[in-house]
Amino acid sequence: MRWSNLFVPTLREPPADAEAANHKLLIRGGFIRQLHSGHYSLLPLGLRVHNKVADIVRREMDAIGAQEFLLPAMHPAEIWKKSGRWQAVGEEMFRFVDRKGADNVLGMTHEEIFTDVAQEITSYKSLPQIWYQIQLKFRDEPRPKSGLLRVREFAMKDSYSFDIDEAGLDHSFEVHHDAYVRIFEALELPAIAVEASSGAMGGSGSTEFMVPSSVGEDDVAICGNCGYAANTERAKARLAELEDRDLSELVRLPTPGVRTIAALETIEGGAPAVHQIKTMVMVLDGEVTLALLRGDHELEMQKLADSTGAIDIRPATPQETVEHLGANPGSLGAVSVEGLRIICDPALEGRRGLTTGANEDDWHWSGVDIARDIAVDEWTDLRKVKAGEPCLDCGSPLEIVRCIETGHIFKLGTKYSDPLGAFVLDPDGTQKPLVMGSYGIGIGRSVAAVAEVHHDDKGLAWPVSVAPFEVVITIVSSKDEASVAAGETLYDELRSRGVDVLLDDRDARAGVKFADAELIGIPYRVTIGPRALAEGEVELTSRATGDTTRVPIDAIADSLVETVETDRR
RNA sequence: CGGGACGUGGCGCAGCUCGGUAGCGCACCUGCUUUGGGAGCAGGGGGUCGCUGGUUCAAAUCCAGUCGUCCCGACCA
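Bear in mind the structure is a predicted one, so any value in this text is a computation, not a measurement.

Student: Let's hear about the environment of leucine 299: which residues, and what values?
Tutor: Assignment of secondary structure puts leucine 299 in strand β16 (residues 298–299). The class of leucine 299 is buried, set by a relative accessible area of 10%. Along the backbone, leucine 299 and aspartate 345 are 46 residues apart, and their C-alpha atoms lie at a distance of 9.2 Å. Not counting the four nearest positions on each side in its chain, leucine 299 is found in contact with Met280, Met282, Ala291, Leu293, Leu304, Leu382 and Lys384.

Student: Quick one: what's the story with the protein's contact with RNA strand B, residue by residue and with numbers?
Tutor: With respect to spatial proximity, 52 residues lie near RNA strand B, and among them Arg12, Ala16, Glu518, Arg531 and Glu539 are the closest. Put simply, 53% of the atoms of RNA strand B that lie within 4 Å of the protein are in sugar or phosphate. Between a base nitrogen of RNA strand B and a main-chain N or O atom of valine 151, the distance comes to 3.1 Å. Arginine 509 is positioned with one of its side-chain polar atoms (N or O) 2.9 Å from a base oxygen of RNA strand B. Residue assignment for the surface near RNA strand B shows that the elements contributing at least two residues are β1 (32–36), β8 (153–163), β23 (398–413), β26 (435–442), α14 (510–520), β31 (524–528) and α15 (530–533). Residue contributions to the surface near RNA strand B peak at seven residues, all from α14. For the surface near RNA strand B, the class distribution of residues is 19 nonpolar, twelve polar and 21 charged.

Student: Break down the packing of aromatic side chains for me, citing the residues and quoting the values.
Tutor: As enumerated under the stated definition, the model contains ten aromatic pairs in all. A centroid spacing of 6.2 Å and a plane angle of 85° characterise the contact between tyrosine 180 and phenylalanine 184, whose relative ring orientation is edge-to-face. Of this pair, tyrosine 180 and phenylalanine 184 both sit in helix α6 (residues 166–186), four residues apart, roughly one helical turn. For tyrosine 180, a relative accessible area of 0% gives the class buried. Of the residues examined, phenylalanine 184 reaches a relative accessible area of 2% and is grouped as buried. Seen from their ring centres, tyrosine 180 and phenylalanine 209 are 5.3 Å apart, and the 50° between their planes marks the pair as tilted. With tyrosine 180 in helix α6 and phenylalanine 209 in strand β10 (residues 204–212), the pair connects residues that are 29 residues apart, well separated along the chain. Here lysine 81 stacks its cationic end above the ring of tryptophan 86, 5.0 Å away from the centre of that ring. Residue placement shows arginine 95 over the ring face of tryptophan 86; its charged tip is 4.5 Å from the ring centre.

Student: Requested: an account of the packing of helix α2 (residues 44–63) against α6, with residues and values cited.
Tutor: Two measures define how a pair of helices packs: the angle their axes make with one another and the distance between the axes. The interhelical angle for the contact between α2 and α6, taken along N-to-C directions, is 150°, at an axis separation of 9 Å. In this view, α2 runs roughly antiparallel relative to α6, as classed from their interaxial angle. Relative to α6, the crossing made by α2 is right-handed. Where α2 approaches α6, its residues Ile56, Val57, Arg59, Glu60 and Met61 are matched on the opposing element by His176, Ala179, Arg182, Ile183 and Ala186. Here the contact of α2 with α6 is composed, by residue class, of six nonpolar, one polar and three charged.

Student: Any chance you could break down the sheet that holds strand β32 (residues 537–542) for me, citing the residues and the numbers?
Tutor: What the five strands build is an open sheet, ordered β30-β29-β31-β32-β33; its pairing is mixed. Of all the strands in the sheet, just β30 (501–504) and β33 (548–552) have a single pairing partner and so form its edges. Each strand axis lies, on average, 25° off the axis of its neighbour in the sheet, ignoring direction. In the sheet, strand β29 (residues 471–475) pairs with β30 via four bridges, with the strands oriented parallel. Opposite threonine 474, over in β30, you have aspartate 504 as the bridge partner. Against the sheet, helix α16 (residues 556–568) contacts β29, β31, β32 and β33, and its axis sits at roughly 170° relative to β31.

Student: Hey, could you go over the pattern of salt bridges for me, with residue numbers and the actual values?
Tutor: The final tally for this structure, using the stated rule, is 43 salt bridges. For glutamate 360, the salt bridge is made with arginine 252, and the minimal N-O distance between the two is 3.2 Å. Pair noted here: glutamate 360 is in strand β19 (residues 354–360) and arginine 252 is in strand β13 (residues 251–254), with a separation of 108 residues, a long-range link. Notably, a salt bridge pairs arginine 525 with glutamate 518, separated by 3.5 Å at the nearest N-O pair. Taken together, the salt bridges that share partners define one network made up of Glu141, Lys145, Arg150 and Glu217.

Rules and cut-offs
Residues numbered from 1 in each chain as written. Chains lettered and ligands numbered in written order. Predicted model: local features only at pLDDT ≥ 70, side-chain atom pairs only at ≥ 80, totals over all residues. Heavy atoms only, no water. Helix = DSSP H or I, 4+ residues; strand = E, 2+ residues; numbered from the N terminus. Buried < 20%, exposed > 50% of the residue type's maximum accessible area, 1.4 Å probe, protein only. Contact = heavy atoms within 4.5 Å. Near = heavy atom within 4 Å. Polar contact = N/O pair within 3.5 Å; in protein donor to acceptor, adjacent residues only side chain to side chain. Nonpolar A, V, L, I, M, F, W, Y, C, P; charged D, E, K, R; others polar. Phe/Tyr/Trp six-rings, centres within 6.5 Å; stacked < 30°, edge-to-face > 60°. Lys NZ or Arg CZ within 6 Å of the ring centre and 35° of its normal. Axes fitted to C-alpha atoms, helices over the stretch in contact; angles between N-to-C directions. Parallel < 35°, antiparallel > 145°, perpendicular 65-115°, else oblique. Left-handed = near helix turned anticlockwise from the far one by under 90°. Pairing = 2+ DSSP bridges. Salt bridge = Lys/Arg side-chain N within 4 Å of Asp/Glu carboxyl O.

Written out as structure tokens, the structure reads:
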């Protein structure tokens, strides 16, 4: 491709409202343009990168025997009603009515549709099957953000495995896991596989592939010693040994004006946070519920969601709180509470000598014995792990790292095959629902993640594997006939030898060409100028390192072909 | 959905307080000069000032409403 023919609208300044590096640089470099919140047009450069990411994903999926499909992006509501998700997913799904008055949706995922096709698998003999597609997903995100990181319309590679039993599923899952590791290696993304919650898609054995980045939206607890890694939605940690206070008698404690854990620590007769009970009033699918934690611990909402199966979870309003407990936040507790579901974090199990609200403004109880004084319905891990807490497995301090979730794999079991009627006959001739797994990689999000990881103050610095072009030939002076001739010759040769090469043949100043080449992040730049050319040489500059070397002109093509081929992965 | 900010040529901004013929930088077009790190000079093109309504002789500017975008929290590839 010749730069003079390429549409690359580069900008000196990024749009004022862009903050994430990928967003600023993809806009400045002319890769993408925003149409609407959460909807981006891919320009020629952006599409090239997107396609290369998709091709890597395709290559590795094909390598595990997966078969590519392309399913409709738009679905009839019926099938979503059958799976139960027409009700379950809420506002995240785009829904509309067609001219016949029928309900339709824009697909946010394709479990239902692949399962529909899978009804035609009739025998265990044709299993396992792994099916995938690279298709647009539509999700009415409450808040699109950070360029391509979080959008409402995006290409996803989604695959689905079909097996006769759990053992088969385990194998399909492993195979995907390994393929994902290879994909992220090829993309030069330092992704780590972490334990995760499966969220709204349902299922178990959930593993996310996380790329550390400050613009990410997830926190991952990582043990540097033993390698334990889990999304904080699910992560656990050891508790340090703790001696209960010797307060066996339940006593009413006047606490005028005390509304916070911190204030209760310092007041006369109060207690350190570790000896307090934090009482969170939550509404789970309409049911007012008390979630109890140690005073210094924080509630992890996803754990509450996962352990209760509730879909709609929110903190109670002040009115609801007063109505059910008789006091305002700051004086709440579960002592002697009846008629409300009480869920308690194990950090409080067996504890005595505790202090908690008395459900009367300005009063607390001290000397609370959980077992004696509180009617706990369920014990389940609810607390959010904090940095520095000891790893559950080895005791080393955990680190909390911000990450971008670029992939997610999990086991569905028969959650969709059962209701949608995807059954096969096993060797005994009995009907069995297909045992399924579901596996996703965001293509556009991966592009954004690579941009986040591979850039500097001059612009993007793509790995060869996904770069829009592998090599750019910069002709320093388009007036210098020898330079132009040498550039054209090299351009033709590299193209004929399969290198993705861009010839900067624009009639522009050298500084502009250098700056643009660096901004759009082409991994290798060959600079052809009168100086070196007079000595029969050209310059080769690596975008990533900035290193420049002189190479004889008759050796440059061989050298580049070799370098690019080894870098491609 | 709660909180905050902002909507003025393609991009970045000023003008608004105190209503009176819409301006600057970058980008773009023409010419001349220049030419190894985002050139200089001269000339030029391009804007329903988000939208609707109101106040006024007169609205980018004041008032009301509305739409949109971005950022921080609850959701996910």
